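# Inside the fold
Here is what each chain is made of, one letter per residue.
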Amino acid sequence: PREKTPKDEVRVTNRTPLRSYITYVNSLLKGDEKLEKVDQVVLKATGYAIPNAGALGALARKRFLGLSTIIEVGTQEMEDVFEPMEEGLDTVTMIRQIPSIKIIISLNELDKNHSGYQAPLPENEVTEFTIVPPKKEVQAYKPGQQTGHAPRGRGFRGGNRGFRGGNRGFRGGRGFRGR
């Protein structure tokens, strides 16, 4: 079973879009009705999610004024245990080293002597994060209403013109020898 993640920690995957993470980080750093405000957020990722975590850390620095950052790169040990399918065989245990990253973003000052420290960006390089409301309301579909989709095509191999395209000249309108 997975251990419970602390509320100020975000585990980044390579499947979830970055806009979801940046909105969550915004709600943590600024506080909202569901989450209380925190001064520090820890982003963690392993394997193929590392580029997403790096992009999220860089994006957070450009969207929130006064964020200092510490980046730590390392590995995690994963232990795989394989149970035998037949009797008499031994259990096989494999230990793998998986690359990992930990990015600490904080509104408070962090340890400047840390090798992965990044100072806050100047105010003129930060574009403050704002949540943009949806542009138009979604309306219920009514029978006979235009849906906004492109008109339908002609179906299988030209629709009502027969299997090879009907009377469109030699070889179904494809020109001489299929050209």
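Look above for the structure.
Read on for a plain summary of the structure.

The rules behind these values
Residues numbered from 1 in each chain as written. Predicted model: local features only at pLDDT ≥ 70, side-chain atom pairs only at ≥ 80, totals over all residues. Heavy atoms only, no water. Pairing = 2+ DSSP bridges. Helix = DSSP H or I, 4+ residues; strand = E, 2+ residues; numbered from the N terminus. Contact = heavy atoms within 4.5 Å. Axes fitted to C-alpha atoms, helices over the stretch in contact; angles between N-to-C directions. Parallel < 35°, antiparallel > 145°, perpendicular 65-115°, else oblique. Left-handed = near helix turned anticlockwise from the far one by under 90°. Nonpolar A, V, L, I, M, F, W, Y, C, P; charged D, E, K, R; others polar. Expected span 1.5 Å × (residues − 1). Buried < 20%, exposed > 50% of the residue type's maximum accessible area, 1.4 Å probe, protein only. Right-handed = clockwise from strand over helix to strand, strands pointing away. Core = buried A, V, L, I, M, F, W, Y, C linked by side-chain atoms within 4.5 Å. Polar contact = N/O pair within 3.5 Å; in protein donor to acceptor, adjacent residues only side chain to side chain.

## Regarding the sheet that holds strand E5 (residues 117-118)
Reading across from one edge, E1-E2-E4-E3-E5 is the order of the five strands in this open sheet, with mixed pairing throughout. The sheet is open, and its two edges are formed by strand E1 (9-11) and E5, each paired on a single side. Strands in contact with helix H1 (residues 18-30) are E1, strand E2 (40-46) and strand E4 (92-106); relative to E1, the strand with the most contacts, it is inclined by about 175°. The strands touched by helix H2 (residues 50-63) are E2, strand E3 (68-82), E4 and E5; relative to E4, the strand with the most contacts, the crossing angle is about 10°.

## Focus: the packing of H1 against H2
For the pair H1 and H2, the least separation of the axes is 10 Å and the interaxial angle reads 45°. Taken together, the axis directions place H1 and H2 in an arrangement best described as oblique. For the pair H1 and H2, the sense of crossing is right-handed. The segment H1 lies against H2, with Leu18, Tyr21 and Ile22 engaging Asn52, Ala55, Leu56, Leu59 and Ala60. Considered class by class, the residues forming the contact of H1 with H2 number seven nonpolar, one polar and no charged.

## Focus on H1
Its 13 residues place the ends of H1 18 Å apart at the C-alpha level, agreeing with the 18 Å of an ideal helix rising 1.5 Å per residue. Of the positions making up H1, those classed as buried are Tyr21, Ile22, Val25, Asn26, Ser27, Leu28 and Leu29. Residues of H1 that are buried in the fold lie against E1, E2, H2 and E4. Backbone geometry just downstream of H1 places Gly31 in the positive-phi region, at approximately 80°.

## What about the pairing of E2?
Here three bridges tie E1 to E2, and the two strands are oriented parallel to one another. Looking across to E2, one finds that Arg11 is bridged to Lys44. The parallel pair E1 and E2 is bridged by H1, and the resulting crossover is right-handed. Examined bridge by bridge, E2 and E4 share seven bridges and lie antiparallel to one another. Note that in E4 the partner of Val41 across the bridge is Ile105.

## Some details on the nonpolar core
Residues Val10, Val12, Val25, Val41, Leu43, Phe64 and Ile105 are the most contacted members of the largest nonpolar core, which totals 21 residues. If you list the elements that add at least two residues to this core, you get H1, E2, H2 and E4. Looking at this core, the element that brings in the most residues is H1, giving five residues. Not counting residues within four places of it along the chain, the set of residues in contact with Ile105 comprises Val25, Asp39, Gln40, Val41, Ala60, Leu67, Ser68 and Thr69. Membership of the second largest hydrophobic core comes to five residues, among which are Val42, Ile70, Ile104 and Tyr117.

## A closer look at the side chain of Ser27
Structurally, the position occupied by Ser27 is in helix H1. Of the residues examined, Ser27 reaches a relative accessible area of 10% and is grouped as buried. Beyond its immediate chain neighbours, meaning those up to four positions away, Ser27 contacts Asp32 and Leu35.

## Considering the environment of Pro99
Inspection of the secondary structure puts Pro99 in strand E4. With 51 residues separating them along the chain, Pro99 and Tyr48 place their C-alpha atoms 8.9 Å apart.

## Details of the side chain of Glu9
Mapped onto the elements of the fold, Glu9 is located in strand E1. Taking the relative accessible area as the measure of exposure, Glu9 reaches 11% and is therefore buried. Here Arg11 takes part through its side chain, which lies 3.1 Å from a polar atom of the side chain of Glu9. With near-sequence residues (within four places) excluded, Glu9 lies in contact with Val42 and Lys44.

Nothing here speaks to function; it is all geometry.
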